[in-house]
Amino acid sequence: MGRVVRWAIGLAVILGIGVAVAERVPAVQDAVMRAALARLVATGPSSLFGDDALRVLLCGTGSPLPHPTRAKACVAVFAAGKLWIVDTGPGSVNKLGLLRVDLAQIGGVLFTHYHSDHIGDLGELNLNSWVAGRPGPLAVYGPPGVERVVAGFQEAYALDTGYRVTHHGADFIPPERAVMEPHPVAPGVVLEENGLRITAFPVHHDPVKPAYGYRFDYKGRSVVVSGDTAKSESLVAAAQGADVLLHEAQANHLVAMIGEAGRDGGRPRVAKIMGDIPSYHTSPVDAAEEANTAGVKLLVFYHLTPSPRNGFMERVFTRGVSDVRKGDWILGDDGLLVELPADSKDVRTGQLD
């Protein structure tokens, strides 16, 4: 037995040395890189755009507070062969790229409101979807004021657009497709297209007015995205009977601790901000109560403040939720995919990577 063990150890050492040597050979290095790059360049699953289901992908579950892996607020909804983006928080386009989402198939952007953590990547989304082959201008929907936001990003990227057209050629990336078209909307039906209905509804995010959430209905299935809001009767009304409610969540007991740490650590501005923000966000327990009242099948928490970094913090963040809602809730992370097959009651969840 000892001889066998020694032989196995020796073989392992030889193989390890062989691998280490091979890794230094340019031809081996290039073969490994080609295999890795082939996967990175390929788009994600084409099934995301299948017309038999309503799908939701979280492309940003973080908050303005820094987090090592979560992008800021972003939700991607797939229906009728297109992709619709609700909010473009900083880092969200990078996340969509890592998830290999084909941005050329974008139908439009829907803004809930104009805080920086919800709009910061609009320029990057416009640029990347244009270069990916978007067939026309990018439609951007939102509360009144969307014209100003779009004009600002368009001007900020104007020089960049010109450089790229000159470099790659107008026949390859037509400049007329690089533009964004703002569409200010009021509460009500925003769009009806190929069986998809998108409805805007007001939420309570004072002093931000107006602020919206959005409901997506497609082939008998429904998804509601809260945007930023305090506990809101209008949200409960809009979410009645929905299959999925994606609701922002702010753990105010943790926010209070951050404020205390700021005060005790000589950072009064931190204490001031942490003391202000509970008034216009919703705690996980309150969001669970709203989901129950609305009769929602699955509650997904997103836009998490402060965003958990580990399992321990997740338990602290969601303290009390299970006392209010028995199951049928998920603490979302970037890459969470929810699939709702047409004319079915199934709710499927998974994780893209």
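Let me sum up the structure you'll find in this document. Sequence order as written defines residue numbering, which begins from 1 separately in each chain. Two thresholds apply to this predicted model, a pLDDT of at least 70 for residue-level local features and 80 or more for giving and counting side-chain atom pairs, whereas whole-chain, interface and lining totals are computed over all residues. Each side-chain value is derived from all of the structure's non-hydrogen atoms; neither hydrogens nor water enter the calculation.

Some thoughts on the pattern of salt bridges
1) Next: Every case where a carboxyl oxygen of Asp or Glu lies within 4 Å of a side-chain nitrogen of Lys or Arg is listed as a salt bridge. The final tally for this structure, using the stated rule, is 16 salt bridges.
2) Next: Residues D160 and R164 are paired through a salt bridge, measuring 2.7 Å at the closest nitrogen-oxygen approach. Of this pair, D160 and R164 both sit in helix α7 (residues 158-168), 4 residues apart, which is roughly one turn of the helix.
3) Next: A salt bridge links D206 to K209; the shortest N-O distance between them is 3.7 Å.
4) Next: We call a residue buried when its accessible area falls under 20% of the maximum for its residue type, exposed when it is over 50%, and partly exposed in between, using a 1.4 Å probe and counting protein chains only. Residue K209 is classed as exposed on the basis of its relative accessible area of 64%.
5) Next: Through salt bridges with shared partners, a single ionic network connects D52, R55 and E339. In this text, helices come from DSSP runs of H or I with a minimum length of four residues, and strands from runs of E with a minimum of two, each type numbered from the N-terminal end.

With respect to helix α5 (residues 122-131)
1) Next: Counted residue by residue, α5 has 7 buried out of 10 residues, so it is predominantly covered.
2) Next: Buried within α5 are the following residues: L122, G123, L125, N126, L127, S129 and W130.
3) Next: Positive phi shows up at G133, right after α5, with a value of about 115°.

Examining the sheet that holds strand β4 (residues 106-110)
1) Next: Here a strand pair is declared whenever DSSP counts at least two bridges between the two strands. Here we have 8 strands laid out as an open sheet, ordered β6-β5-β4-β3-β2-β1-β14-β15, and mixed in their pairing. Across the chains shown, the open sheet's two edge strands, defined by having one partner strand only, are β6 (180-184) and β15 (348-351). Recorded for the sheet is a direction-independent mean angle of 20° between the axes of neighbouring strands.
2) Next: Where strand β5 (residues 138-142) meets β6, 5 bridges bridge the pair, whose relative direction is parallel. Looking at β6, one finds that A139 is bridged to E181. What counts as an axis is a line fitted to C-alpha atoms, over the stretch in contact for a helix, and the angles between N-to-C directions run from 0 to 180 degrees.

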